[in-house]
Amino acid sequence: MKKSWGIAAIMLGAAQAVSAEELTVRTGEHDGYTRLVVQIPPDTSWILAQTKNGARLNVALDDVTFETGSVFRRLTQNRLSALSQKKPGEALDLQFGCDCVASSFLYKDTMIVVDIAPAASFPPLSEDIPPPLLPKAAVQENPLETVQKTEVVALPLLNLNARQFENQLSTKLLQGADRSIVDLNLTPAGPRSTGFQNAPLQPSDLEANINVTSILDELNDLLGPDLIELERQPSCITNAEIGFDTWSDLRPFSKQVASARAALFHEFDRVDHARALGLARLYAYHGFGVEALAMLDLAMPDESERHMIVTIAQILDERSVDEPNPFQGQQRCDSDAALWSVLSEGVLAKDAQLTSIEHAFARLPDHLRKQIGPRLSEIMVEGGQLEAARRVLRSVDRVENTSSADTSKAKAAVAKAEGDGQATELRLKEAIEAEDAGSEAPLSLARLIEKRWSERGAVSPKELGLAAAFEIEYRESDMHPMLQRAHAVALSLSNDFDQAMDTALQIPKGQDHEGAVNRVVQILVERSEDITFLRHTIGLSGNVSKVLATETAVSVAERLVELGFASRAFALANRPQDTSYRSKRARLRAHSSLLQGRPHQALLELEGDISQDAMALKTRALQDIGDFVQAGQLLGDANDHDEANRLFWLAGQSDAITKELEAKYGTVNDLTQTLTSSPERHPGKPLADAEGLLQDSADTRENISTLLETLKD
C-alpha cells in the first residue's frame, strides 16, 4: 500500500512539473489586421472569449505563463493596445485600441492564431459557416448562392446518398470560396464518369473533379518573416511506414540470417527481392551497414524505402548520413521518426518532441539502447535538455551490466553541463580505463585534458604519457590533429613549454592547430619565467601571430608591456582582424606609445576612456608633455589629492593645491611660499635689520631642512 502511495505521489509530482508551461506570444502586422501566435503543446484545450473592447484567451494548462516581452516590438498599428495576465495560470487579457473584434483558429494542433481587425472588415456570418480566418473586404453576393440554397443538414451524414451529399458539399464550398475560406480549382467541362442518381456514398476519385485547398495551406505567407517561421516541412513518417520493430524477430540473429539467406535465391539464381529486402532490414536493425547496402542492391526497393533503410543503417553503423535524409525535419513528429531524425541530424531542434523521442527510444531492443543511448544523451546535453539526457542514461543503465566507455563519456558530458567537475573527471577516467574503450579512450583523455586546462590544473605523468602514446597510435587516423592538440596542451600544463610549442606548431592548419597554439600560449603567459616567455613570443612569425585569438594576443601584449617591449606589444594590440576587447587594446597601444616617447599618440588612443587605468595613463602622458595642471586636475577628480598637489606645486599653481589634513604637498607648498617670500627689512634701524636678517637666515635653513625631509618621505 505504501508503495502504491509512493508511486502515486511521484506521478502527481511529475504531472505538476509537466503542467507548468511558459508560452511565448509572437505578433505581426498585416494589411487590415494584427496577428498573434501562441505555441501550445498538442491536444491542449483553449478558448478565446470576446470581452468589452478586448478578448480573453484561456489555455487549459496549470500555472501557464504568457511571455509577452517582445509583443509590441513588431506592432505599428494600435489595434492591440495592451496584454496582461494577473498571475500564472490565469487567462491572457487582450485590450484593443480600436473598435475591433478577434477571430481565432488552431494551426497544426500546436499554434493558436488570433487575428484582430476592425469589426467592419468581417463579412456577415451565417449559421452554418464558421467565422472567417482572415479579415477580407466585403465582397458581392455570389449569384450561385441565391440559385442553389440548401437547408442545414438535419440527417446524419451516413444517411445521405451521393446526390444529396454532392449538393450539400457544393453549397458549402461555394459559400466558403465566397468568403475566401477555401480556394477552388475546378476542372474544365468535358466527359467524365457519373454515378447513379441514388447510388450509395462511395467517392472513388475526388481529385479528378475538384481540388479543395484550405487557407491554412498558405499560412506560410500570412504570418510574415519577422513573426514566426512556418516552413513547408515534409509530412511526418508514421510508425507503420517505418515498421522498425518488424525488421527482426525474437530468434537469434544468426538463425534469422541463415534462414533468410537460404531462401534468398530461387532456381536459375533468381533473387527473391522480398527476401533480399527483409535481409537488408535485418542487417540494418543489427548495425551491419555495409551488408545492408549490399542486400539493398539485390532487393531494388523503391527510393523512399531504400533511403529509409540506408539512413537507419548508417546511424546504427555510426557513419555520416547521406543525402537525401528522409528523416530531415522530423523531430517535431509524434512518431519514431523523431528519434531517427535527432540521431541523423546530430542536433536537437527547437521544436523537437522529447516525449516522442524518449518513447521511441524506450521501445528499442536492449542492444540498440546500449548502442545509441549515449549518443542520444550527448545530443540532448548539447541541446540543453539535461533531465531528458539523464532519463536516457538511466534507461541505458538498466540494460547494461557494467558501464561502457561511451556511456561513461556521456555521463561526463551531463556532469560537465551540471558544473560538477569532480564527477566529470571521474566519468572521464572511467571511459579511459574501460575494457571496451577503443577509440573512446583517446576522446575521453582529450576531454579530460581540456577540462584540466580550463581549470588551470595539471596533468599527471601517467596522463601525459598516455597522451603521447595515443598521438603516435592514431597518427594515421582523422583523430590525429585532435590528439596532437591534447598532447601539446598536456605538455604546457606540465610546464614543458619548448616541446609544447613545437608540438602545437606541427599540427596541420585548422581548428586543432589554432586551439593548441592559443592554449599553449595562454599557459605560457601565465606560468613561464620571463626568459622562456620572451624566447617564444618575441620571435613569433606573422602566420603564428594571426592564429592567436584576440584574448590571447591581448594577454601576451600586456606582459610584453610590463617587460618594456613596446613595439612588439603595440603590434599585437593593433591587429586589423581584432574587433573585441577594444578598450583594453586601446590602453595597451597607449601604454606602448608612452614607452616609445609618443604621449600625444597615447592621448589619442585613450580618447573617451574614463576607466581608472586610462586615467593613470592619461596623467603620465600629460606629465610627459609638461601639462602638469591638467594632469593634476585628472588626479584630483580621481581623489588622489596628494599626487595632484605635487603636480600643482611643480606647475607653480599654489592656489589649486588642496589644503587637506596630512596632505604632503600642502605642507611643501606652504614651505615653498615661505622660502620665496622676501624677508622683512628695517631700513632706519641697522641693528634691528641685521638681527632680522640673521633670524630669517636661520628660519630659511630650518625650512629648507624641513622641505627636504618632507620630499624624502
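This text gives an overview of the structure that appears in the document. This one's a predicted model, so the numbers in the text were calculated from it and none came from an experiment.

### With respect to the sheet that holds strand E1 (residues 22–30)
At step 1: Spatially, five strands are ordered E5-E1-E2-E9-E8 in an open sheet, and the strand pairing comes out mixed. Edge strands, defined here as strands with exactly one partner in the open sheet, are strand E5 (65–67) and strand E8 (100–107). The mean inter-strand angle of the sheet, taken between neighbouring strand axes irrespective of direction, is 25 degrees.

### A short note on the state of the cysteines
At step 1: Tallying each qualifying case throughout the model produces two disulfides.
At step 2: A disulfide bridge connects Cys98 with Cys100, and the sulfur atoms are separated by 1.7 Å. With the S-S dihedral at roughly -90 degrees, the linkage between Cys98 and Cys100 falls on the left-handed side.
At step 3: Classification of Cys98 by relative accessible area gives partly exposed; the value is 23%.
At step 4: Taking the relative accessible area as the measure of exposure, Cys100 reaches 7% and is therefore buried.
At step 5: In this model, Cys236 is linked to Cys333 through a disulfide, with the two sulfur atoms separated by 2.1 Å. Handedness here is read from the sign of the S-S torsion; for Cys236 and Cys333, about -85 degrees, the answer is left-handed. Here Cys236 is found in the loop between strand E11 (210–214) and helix H4 (239–242), whereas its partner Cys333 is found in the loop between helix H8 (303–316) and helix H9 (337–345), with 97 residues between them in sequence.
At step 6: You can call Cys236 partly exposed: its relative accessible area is 33%.
At step 7: What makes Cys333 buried here is its relative accessible area of 1%.
At step 8: Listing the disulfide partners of the chain by sequence rank of the bonded cysteines yields 1-2, 3-4.

### Observations concerning the packing of helix H22 (residues 550–562) against helix H23 (residues 566–573)
Axis angle and axis distance: for two packed helices, these are the angle between their axes and the distance between the axes, and together they describe the pair.
At step 1: Orientation of H22 relative to H23, taken along the N-to-C sense of each, is 160 degrees, at an axis distance of 8 Å. Considered as vectors, H22 and H23 are oriented roughly antiparallel to each other. For the element pair H22 and H23, the recorded crossing hand is left-handed. Contact with H22, carried on its side by Ala553, Val556, Ala557, Leu560 and Val561, involves Arg568, Ala569 and Leu572 of H23 and no other residues of that element.
At step 2: Grouping the amino acids of the contact of H22 with H23 by side-chain chemistry returns seven nonpolar, no polar and one charged.

### A look at the side chain of Lys618
At step 1: Take Lys618: it is sitting in helix H26 (residues 612–625).
At step 2: The side chain of Lys618 is buried and forms no salt bridge, while Glu607, the nearest opposite charge, is found at 6.0 Å.
At step 3: Residues contacting Lys618, with those up to four places away along its chain left out, are Leu603, Leu606, Gly608, Asp609 and Leu634.

### Some remarks on the packing of helix H18 (residues 497–506) against helix H20 (residues 530–537)
At step 1: Packing of H18 against H20 brings their axes to within 11 Å, and their N-to-C directions diverge by 20 degrees. The orientation of H18 relative to H20 falls into the category roughly parallel. Handedness of the crossing formed by H18 with H20: right-handed. For the pair H18 and H20, contact is made by Phe497, Asp498 and Met501 and by Thr532, Arg535 and His536, respectively.

### Comments concerning the sheet that holds strand E4 (residues 54–59)
At step 1: What the four strands build is an open sheet, ordered E3-E4-E7-E6; its pairing is antiparallel. Each having just a single partner strand, strand E3 (46–51) and strand E6 (80–84) make up the two edges of the open sheet. Taking each pair of neighbouring strands and ignoring which way they run, the sheet shows an average axis angle of 20 degrees.

### Here we look at the environment of His591
At step 1: Its location among the elements puts His591 in helix H24 (residues 582–595).
At step 2: Judged by its relative accessible area of 22%, His591 falls in the partly exposed class.
At step 3: Note: C-alpha distance between His591 and Ala614 (23 residues apart in sequence) is 9.4 Å.
At step 4: Ignoring anything within four residues of it in the chain, the contact list for His591 reads Val561, Leu617 and Arg620.

### Some words on the environment of Leu368
At step 1: Here Leu368 lies in helix H11 (residues 366–382).
At step 2: A residue is classified by how much of its surface remains accessible, and Leu368, at 0% relative accessible area, is buried.
At step 3: When sequence neighbours within four positions are dropped, the list of residues in contact with Leu368 reads Phe244, Tyr285, Leu316 and Gly373.

### Re the environment of Leu75
At step 1: Among the secondary structure elements, Leu75 is positioned in the loop between E5 and E6.
At step 2: C-alpha separation for the pair Leu75 and His30, spaced 45 residues apart in sequence, amounts to 9.5 Å.
At step 3: With sequence-adjacent residues up to four places away left out, Leu75 is seen in contact with Thr27, Gly28, Glu29, Thr34 and Leu80.

### Examining the pattern of salt bridges
At step 1: For the coordinates displayed, the defined rule picks out 27 salt bridges.
At step 2: One salt bridge connects Asp609 with Arg587, and the closest N-O pair in it is separated by 3.0 Å. Of this pair, Asp609 sits in the loop between helix H25 (599–605) and H26 while Arg587 sits in helix H24, and the two are 22 residues apart along the sequence.
At step 3: Under the relative-accessibility criterion, Asp609 is labelled buried at 13%.
At step 4: Here the residues in one salt-bridge network are Glu425, Lys429, Lys451, Arg452, Glu455 and Glu463, joined through shared partners.

### Observations regarding the pairing of E4
At step 1: Pairing between E3 and E4: six bridges, direction antiparallel. Paired with Ile47 across the two strands is Asn58, which belongs to E4.
At step 2: Adjacent in sequence and paired antiparallel, E3 and E4 are bridged by two residues, among which Asn53 carries a positive phi angle near 55 degrees.
At step 3: Sheet topology note: the E4/strand E7 (residues 92–96) ladder contains four bridges and is antiparallel. Among the inter-strand pairings, Leu57 is bridged to a residue of E7, identified as Leu92.

### Here's the deal with the nonpolar core
At step 1: If you look at the biggest cluster of nonpolar residues, it comprises 53 residues, and the most contacted ones within it are Ile242, Phe244, Ile312, Trp340, Ile357 and Leu376.
At step 2: Per element, the largest residue contribution to this core is eight residues, and it comes from helix H6 (residues 273–285).
At step 3: If sequence neighbours within four positions are ignored, Ile357 has contacts with Ala338, Leu339, Val342, Leu348, Ala352, Leu376 and Met380.
At step 4: Core analysis: the second largest hydrophobic core is formed by 51 residues, Ala441, Ile449, Leu493 and Ala504 among them.

What counts and how
- Residues numbered from 1 in each chain as written.
- Predicted model: local features only at pLDDT ≥ 70, side-chain atom pairs only at ≥ 80, totals over all residues.
- Heavy atoms only, no water.
- Pairing = 2+ DSSP bridges.
- Helix = DSSP H or I, 4+ residues; strand = E, 2+ residues; numbered from the N terminus.
- Axes fitted to C-alpha atoms, helices over the stretch in contact; angles between N-to-C directions.
- Disulfide = S-S within 2.5 Å.
- Buried < 20%, exposed > 50% of the residue type's maximum accessible area, 1.4 Å probe, protein only.
- Parallel < 35°, antiparallel > 145°, perpendicular 65-115°, else oblique.
- Left-handed = near helix turned anticlockwise from the far one by under 90°.
- Contact = heavy atoms within 4.5 Å.
- Nonpolar A, V, L, I, M, F, W, Y, C, P; charged D, E, K, R; others polar.
- Lys, Arg positive; Asp, Glu negative; His and termini not counted.
- Salt bridge = Lys/Arg side-chain N within 4 Å of Asp/Glu carboxyl O.
- Core = buried A, V, L, I, M, F, W, Y, C linked by side-chain atoms within 4.5 Å.

Keep in mind these values describe shape, not function.
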